[in-house]
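Residue-level listing of the chains:
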Amino acid sequence: MSATVEKERTPHPELLPFYNSSSVYTPLSTDIDVYGKELATSQLLEPATTHNNLSKNDHISFNITPRKEWIILIGLTVVASAVRTFKLSHPGYTLFHGDNYLARFRSPLFKLLTVLVGKSHFNDSQTYAVAMRLIPVTLNALTIPLSYLTLRLMSTPPIASLLASIFLTFETGLIIQSRHMPVESILFFFSALAISCWIAFSKLDQRRPFSLHWWTWLTMTGLSLGAAISCKWSGLLTVAMIGVNAMYQLWKLEVSSRVWMRHFMARALCLIVVPLVFYLTMFQVYFMDGNKKDIRNLRPVVDVSIGSTVTIKQYDFQQGYLSSSPSKHRGGSKQQQVVLNKQPDIAHSNWIITNTSSDLSALDVDYTSPFVPFTRLQHNARIKLHSTTSLKHLHSHDIRPYKSSDHLQNEVSVYGFPGYPGDANDDWFIEIVKGNMGGWDGYSSKRVRILRTVVRFRHALTGCYLVNSGKPIALVGEGSKLVEVTCNKGEMGSKSLWSFEKSEHPAQPEDADLMERFGFLDQLQEILQDTGIEDADHEFRISVTERLAAWFMLGRGGFPLWQNRQNRPQQIYYTGNPIVWWLGSFSVISYVMAMITLKLRTKYGYSDIGSHKVGRQVSTGSFLFIGWAFHFFPFFYRYGPLFDDYFPALYFAILLLPTAFDLVAASLPRKIRMMIGIFMVCAVLWVYYFFVPLTYGMPWTKSECEQRVLFKSQDIFMINCNDPS
């Protein structure tokens, strides 16, 4: 090999920590084949088109933390832990977010965490709150040194990597998230871990494919992705990002078909099969770990019986639950209205099934008595549905709904009064449409069973079917996610299909089939199905969501998470450090502008990207920018970004900052660049200190509160200072 080539193979000084004396070095922006010929420019995360011939004794070092950098890592870990554990026991109970995530996200990892904490049998709520916060806080703190390692893996200089990690350390939103948003904190850590493992794998893929270390990092990537989606389904965004990068790597490979297939199968196994198996395993462990009691409390009885208290939902679960409304029809009979509520109301969504096919009426039997016989519902059973809140029956008659002239549509209401036994207009026939045919539950097509039997309700006198009209209605004080329910003589489609989600009976026999006897896939289907139901917390947070630029530039400052008006008032206000958010936005915008400039210069004959330094910056920045885009834009498809949804994107934006700053400020003297970096750190630290009372819920006065409301004319921080005195 020529002396010229050997000179080119000397590592850049900034990259020396990545290699030991026995390593065979290949520049990141260029590659050299075994004949000494320089290959075309390659991206940071592309596989090399030709791998160097290395003997079994050759070892490529990926010890990216030399001894002098251990001090930095330890220091970052200590500081990050300190700012996240300060006053960790305050407030002395878990906030509403932690509890509601059980019902909303169906996170098996978080469920196992709550079970683990619950088995400790703490004597007071404060100790329980600390225990619940400790694991998310620890993982969030470990994300800080992990961010440093990730940047060092991508050849970012130590000082620049340290600055980015400091910005993440003192990001107030991340601190609050680690203490009061356990699902997001755990997701944040495993997403960051997956990215770091993938970068380590990609660097090995350029030099030693199919080695033990190569398989280790690829498997670790898959396990981290499985843990991320086990926390929250938005972890699929990280899966998609790495999946796209894996396909790009495969596309750039120039190897034999047999070797290419080995690369493909390895990535498919570790990036698809491993995360899926991990995800399902987490649910299986949860089901096995004594949580059947929890499921039984939610879904105790499989068979539906006369006298059961039930909740009924549209077969398409996203449409909602059959509910009685306190409001009355504006026209027609002006009786009490019946609606579909997408958020199950514990009170208004409960119905008692009473028997009309015998001589007994609803008044003759105490359906809360344990002596009521357990009579399973069969096909064509004639019943009444008695609302537990209004104490009235589900009712229909030959009256058109309000603002409807369709002769096929009849009004549906709840009608009656205490002591009134009801009439024939309250009677409904249950028609079994289908059951779990071909599955384990063959009885579900013969008698009514929760979740497995699909039914229609046919009105006894008019012959119309209870349907979802599809017309949204707004009722005062009852939210906006309500849909009108009518009785249609001609509707036989999916809008007339219903299923029972819950059934409780006081005289449940010991041999009744319980949810514990459902198979693993049945339990999983039941839990995943409920993820479409949005809770009240989500509704509140979506009310402070604005257009695309709102969270991107911190155009709205978050929302109050907790308040205590006793003695000296206290608040925890879920907001970000504006300096950090603006720096993240700067990095994204400046990187895009720099790339446009480089492309234009390339078009006119300049070869900036061909240089080693710029090529490294472009490849690093491209990977991080794509990561930011994958974790930002998808949230606008359904409902717009929520405040805590933006943090994974913010993580990529801050990691992009050193590269973006290097591209736009390359012509500045080194001293000026250092002064700018020091100024940014000081600004971040000052804002962190400025918002300490809001971050940790410390007592303050009204004047202290008003001092922290910045930019009032822009409404960036919506802090309520009227409560403090």
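Small disclaimer: the values here were computed from a predicted structure and weren't measured.

Draft legend 1. Spatial organisation of the packing of helix H16 (residues 578-603) against helix H18 (residues 647-664). Axis separation between H16 and H18 bottoms out at 7 Å; the angle between their running directions is 50 degrees. With respect to H18, the axis of H16 lies oblique. Like other packed secondary-structure pairs, H16 and H18 cross with a definite hand, here left-handed. Residues Val580, Trp581, Leu583, Gly584, Phe586, Ser587, Val588, Ser590, Tyr591, Ala594 and Leu598 of H16 touch H18, and the partners they reach there are Phe647, Leu650, Ala653, Ile654, Leu656, Leu657, Ala660, Leu663 and Val664. Across the contact of H16 with H18, the residue classes break down as 17 nonpolar, three polar and no charged.

Draft legend 2. Structural view of the packing of helix H9 (residues 212-231) against helix H10 (residues 236-252). At a minimum axis separation of 8 Å, H9 and H10 run at an interaxial angle of 150 degrees. One finds that H9 runs roughly antiparallel with respect to H10. Where H9 approaches H10, its residues Thr221, Leu225 and Ile229 are matched on the opposing element by Leu236, Thr238, Val239 and Ile242. For the contact of H9 with H10, the residue count by class is five nonpolar, two polar and no charged.

Draft legend 3. Just the pattern of salt bridges, in detail. What the rule picks out here adds up to twelve salt bridges. With its nearest N and O atoms 2.9 Å apart, the salt bridge here joins Arg267 to Asp205. Of this pair, Arg267 sits in helix H11 (residues 257-288) while Asp205 sits in helix H8 (residues 182-205), and the two are 62 residues apart along the sequence. When its relative accessible area of 3% is taken as the criterion, Arg267 is described as buried.

Draft legend 4. Looking closely at the confidence of the model for the protein chain. With 67% of its residues at a pLDDT of at least 70, the protein chain reaches an overall mean of 75. Under a pLDDT of 50 for its full length, residues 290-301 has, in the predicted model, 31 contacts with residues more than four places off or in other chains. pLDDT under 50 marks residues 358-364. Its contacts with residues more than four places away, or in other chains, come to eleven contacts.

Parameters and conventions
Residues numbered from 1 in each chain as written. Predicted model: local features only at pLDDT ≥ 70, side-chain atom pairs only at ≥ 80, totals over all residues. Heavy atoms only, no water. Axes fitted to C-alpha atoms, helices over the stretch in contact; angles between N-to-C directions. Helix = DSSP H or I, 4+ residues; strand = E, 2+ residues; numbered from the N terminus. Parallel < 35°, antiparallel > 145°, perpendicular 65-115°, else oblique. Left-handed = near helix turned anticlockwise from the far one by under 90°. Contact = heavy atoms within 4.5 Å. Nonpolar A, V, L, I, M, F, W, Y, C, P; charged D, E, K, R; others polar. Salt bridge = Lys/Arg side-chain N within 4 Å of Asp/Glu carboxyl O. Buried < 20%, exposed > 50% of the residue type's maximum accessible area, 1.4 Å probe, protein only. pLDDT = per-residue confidence, 0-100.

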